[in-house]
Every structure is written in C-alpha cells, then in structure tokens.
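Analysis of the macromolecular model
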Amino acid sequence: MSKTAPVVSLDDVSVHFEESTGLFDFRSEPDRVRAVDGVSLDIYSGDVVVLVGESGCGKTTLGRTAIGVQRPTAGSVTYRGQNIWDARENNGDVDIEFEKIRRSLQMVHQDPGSALNPNQKVIATLSAPLEKWHSDLSKEERHERVFELLDTVGVQPVEDYAFRYPHQLSGGEQQRIALIRSLLLNPDLVLGDEAVSALDVSLRVDMMDLMLDLRERFETSFLFISHDLANARYLAEKADGRIGIMYLGELVEIGPADQIIKQPKHPYTKVLKWATPSIHSDDDGRSIDTPVREIDIPDPVDPPAGCRFHTRCPVAREACTKEAPDLLDVAGSGQRTACFRQDSTHEYWNSPELDGTDDRIQQELISDGQYSFRIDLIFINRTASRACIVSRLARVLTHDRCVYHARNGSNND
Ligand code: SF4
C-alpha cells in the first residue's frame, strides 16, 4: 500500500441536512441534522478502510461524500489532489475532469436487487459502461470481457447467466453482478455500503473473500461501511487495513484492525466490542455487563456539548461535558483516538465523575484495569430480565431484534 499521496482525501468534512418542516410549522429555522461533523480521512492506493458505528452515526453519509455522491456542507473532498466538487461544477483550474473522477470512484449498494435494472439482462447491464467509456471495443470484445469477469466471480456457466434478468438470479449472484459492474472501469476506490448485510450469513464470508480478491486483482482501494464489528474485523484484518469507529457524526477512533480489536482505546469502541460476542469472547472470559450509562442515542439535531459520547460514556467526567477531544495519535500503536483519557496531563483526571449512579448501577473493572464501567439501567423496564437487558443493549448497538423477547412473544423491554 503506497502512502505517498492519498487517492481520496477528506479534510475537516461536515455534512448537515435540513429537516423538512410541515405546512403548518411556522418555526423560522428548520432543524439541522448534523450527519457528519469535522471528519478528516485519507484513503491510499490499495487501502481497505472499514467504517463502523450505530445506525445514524453518519458512516454512510461519509462514504457517499468520499466518492463525490454527497456534497459536504463544509470542508473539502479531493481525488488525487483535485477538489471533486470544483471538478463537478467546473470551478477554477480543474486538473482532473469530473468524468474521470466519476469512473474512478464506484459503489456497491447494500441491495443489489434495486441497483440492477430489472428490465435488462446481465449482458446489457455490464456492457453499457464499456460501450460508453471504451467505444474502441467491438461488441464481441465487450462480451468477451463480461464473460471473463463473470467467470472470475464464479457466476457459471457464463453463457447462461449473461442472458438472465436480475429476478432470475439469487441474492448472492445479484451482488456479484453489482460487484463486477463497479469494477468494470478499473476504479481507484469502491465504496461497499453494507455490501454483505443483505446476504445469508453462509454467503457473507465468500462475498467478503471475493471482494478482497478482486481488490488485489484490480489494484483498487475499498471503503466499506458496516454496522458489524465482526465483519469489519474480517475485512480489515485480511487486507491489512484499518477500522474507523464513528459516533454521532464524528470519527472517534481509527487504526490498524488488530489494534482496534485487541487494544481499543476509546470507550465507545470497547462498547461495540462488548456488543459483538464473537469478538468479545476472544477475551479472557471476564463478565462485563451493559457498559454504558445510557442506552438511548442522543439526537443528531442537538448533539451533546463537549465529547458527544459523554451522556453514555461509562467513564465520563465533568471535563468531558465542556470540551470536545481531538482525534490524536496514540503513541506506538498506529491508532488515533478522541478521548481525554489518552492524555495523562489533561484536567479530565482531576475532574469529578458525572452523576448517574444509584443502587441499580453496577460496577465492574474492565480490560485495562484503570477504571470501572458504571451501568445505568434507568431506561430499561424494571421487570426486564438480565437476558433481555443484555439483548436490548446488543440490539441497540448492532440493530438486531431483541432475541429474548422475540422468542418469548413479548415486547415490553
Ligand atoms: S472524552 Fe470523556 S466522555 Fe469522551 S470518551 Fe473520553 S472519557 Fe468518555
């Protein structure tokens, strides 16, 4: 992986959306959803970066911004040094034309069924970009290239599948076709937005392996979006890539996959790890209950002051409510983390702990032995069982249904 110059660079990018107001809503200002706030990220040639976080944390918006689909409201996004939106709107000196940028930044959607034209056979869908951008190729050469790619991704016999409609393909086959289409024009960066989430669990590993194989073959970079830390780990570790953790519009931790999984520094990364049993069980068997003070996610229209995680952070102190931590290097780890705890001289250490404890709050030492996680169960029905409490928090963090109540036909959590 070349670190000479980034392929795509996001510099202090923010994306805010105005919420539409109703006909009889006479407020002067519509609410602004702060989907992404002040994120900087460089993606290099051959890089694999996986963005992880809860629903609504801004990871998809950030991904779409990185490939020039979503316009940032502040900050800049450049492709090989060229501001993407200047190229798109032909502002100032444009060194790289937008058409070239558009070909170089591609996307694989979560739902390939809706991304493929239901009225077009596979061969037509895949030949169209070649016809548009490689007019020097004859029809036979275009078909030959499509057949070769179908063969590469294991959609065989190719002469049969090439002449099928999308509805005649399984979900996995549709996703392979969508993947081929994103790679047809030899892009520099592909955004995979929850690209394996819609597939059966049994197919996910195959698809992730295929994407990583194709990344090497096409010498492209991948930016994956995932709500699942286990998938993120698989992709990033195999590709020697990075995992970035997003919380409420901000990048709170990023670094090599191994470091993020085995030595997370940010309390929110530790919470995500706790909520991912397949990863958490890698630990030494410690029992850690619900490691957040509050379960509910704050409103992105009015995020908490200071560190945005302070309303839920199990180790938050008074200082965390006043100032937002910068994303800083963690010495010797390759990680960057936005938490005052990484600075041993910060006033955080002399600041009082935040309120929130009562006799329902449990304490348990965790991982680094330096502090205890406090548990505030105030937002959970008092009659809820321990199994449900654990299941609900896991659901909030991973977006699965409450398995316990689903099994027991109840919904009172
Ligand atoms: S800065 Fe404070 S609230 Fe934010 S993650 Fe660190 S300890 Fe928690």
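The paragraphs below set out a description of the structure included in this document. Given the structure is predicted, the values throughout are model-derived calculations rather than measurements.

Once that is clear, we can look at the overall build of the protein chain. A tally of helices and strands in the protein chain yields 15 helices and 14 strands. Considering the protein chain as a whole, with its 413 residues, one finds that 43% of them fall into the buried category. Once local pairs closer than 6 in sequence are excluded, the contacts in the protein chain between residues at least 24 apart make up 62%.

Cis geometry marks the peptide bond from Gln156 to Pro157; its omega dihedral reads 0°. Checked against the element boundaries, Pro157 lands in the loop between helix 6 (139-152) and helix 7 (158-161). The residue Arg80 is not glycine, and still its phi comes out positive at about 45°. Here Arg80 lies in the loop between strand 4 (74-79) and strand 5 (82-83).

Around the ligand, 13 residues are found, and the nearest of them are Cys307, Cys313, Ala316, Cys320 and Cys339. Residue composition of the shell around the ligand, by class: ten nonpolar, two polar and one charged.

Of all hydrophobic cores here, the largest spans 91 residues; its most connected members are Val50, Ala66, Ile180 and Leu235. Here this core spans two domains, and each of domain 1 (8-19 + 29-113 + 185-255) and domain 2 (263-379) adds at least three residues to it. When neighbours within four sequence positions are excluded, Leu235 is seen to be in contact with Val48, Val50, Met208, Leu212, Phe224 and Gly241.

Attention shifts here to the sheet that holds strand 10 (residues 250-256). What the eight strands build is an open sheet, ordered 6-7-8-3-9-10-12-11; its pairing is mixed. Among the strands making up the open sheet, the edge pair consists of strand 6 (105-108) and strand 11 (328-329). The sheet contact formed by strand 3 (residues 48-52) and strand 9 (residues 242-247) spans four bridges and is parallel. Bridge pairing links Leu51 to Gly244 in strand 9. The sheet strands contacting helix 1 (residues 59-66) are strand 3, strand 7 (189-193), strand 8 (221-226) and strand 9, and the helix crosses strand 8 at an angle near 160°. Packed onto the sheet, helix 12 (residues 267-274) meets strand 3, strand 9 and strand 10 and runs at close to 105° relative to strand 9.

This part covers the packing of helix 9 (residues 201-218) against helix 10 (residues 229-238). Where helix 9 meets helix 10, the closest approach of the two axes is 10 Å, and the angle between their N-to-C directions is 30°. Taken together, the axis directions place helix 9 and helix 10 in an arrangement best described as roughly parallel. Read as a crossing pair, helix 9 and helix 10 show a hand that is right-handed. Each of Arg204, Met208 and Leu212 in helix 9 lies in contact with helix 10, whose residues at this interface are Asn231, Tyr234, Leu235 and Lys238. For the contact of helix 9 with helix 10, the residue count by class is four nonpolar, one polar and two charged.

Let us look at the packing of helix 5 (residues 122-133) against helix 8 (residues 171-183). Put simply, helix 5 and helix 8 touch, their axes get as near as 9 Å, and they point 15° apart. Classified by the angle between their axes, helix 5 and helix 8 sit roughly parallel to one another. In the packing of helix 5 onto helix 8, the handedness of the crossing is right-handed. Each of Val122, Thr125, Leu126 and Pro129 in helix 5 lies in contact with helix 8, whose residues at this interface are Ile177, Ile180 and Arg181.

Rules behind the numbers
- Per chain, residue numbering runs from 1 following the sequence as it is written.
- Per-residue local features are limited, in this predicted model, to residues with pLDDT of at least 70; the limit for side-chain atom pairs, both in listing and counting, is 80 or more; totals at the level of whole chains, interfaces and linings are taken over all residues.
- Here a helix means four or more residues in a row that DSSP labels H or I, a strand means two or more in a row labelled E, and each is numbered from the N terminus.
- Each residue is classed by its C-beta neighbour count within 10 Å, where at least 20 other C-beta atoms makes it buried, 12 or fewer makes it exposed, and intermediate counts make it partly exposed; the C-beta atoms are placed from backbone geometry.
- Our contact criterion uses C-beta atoms placed from the backbone: two residues qualify when those atoms are within 7 Å.
- Note on definitions: a residue is near a molecule or strand provided its C-beta atom, placed from the backbone, lies within 6 Å of it.
- Three categories are distinguished: nonpolar for Ala, Val, Leu, Ile, Met, Phe, Trp, Tyr, Cys and Pro, charged for Asp, Glu, Lys and Arg, and polar for the others, with Gly belonging to the last.
- Note on terminology: a nonpolar core is any set of buried Ala, Val, Leu, Ile, Met, Phe, Trp, Tyr and Cys residues joined through C-beta atoms within 7 Å.
- As used throughout, domain bounds are those supplied by an automatic or database domain assignment.
- Only strands joined by at least two bridges in the DSSP assignment are considered to pair.
- Lines are fitted to the C-alpha atoms to define the axes, a helix being fitted only along its stretch in contact, and any angle between axes, read from their N-to-C directions, falls within 0 to 180 degrees.
- When describing relative orientation, an angle under 35 degrees is termed roughly parallel and one over 145 degrees roughly antiparallel, while 65 to 115 degrees is termed roughly perpendicular and anything else oblique.
- With the far helix as reference, a near helix turned anticlockwise by less than a right angle produces a left-handed crossing, and one turned clockwise produces a right-handed crossing.

Any functional reading would require information beyond the geometric quantities listed.
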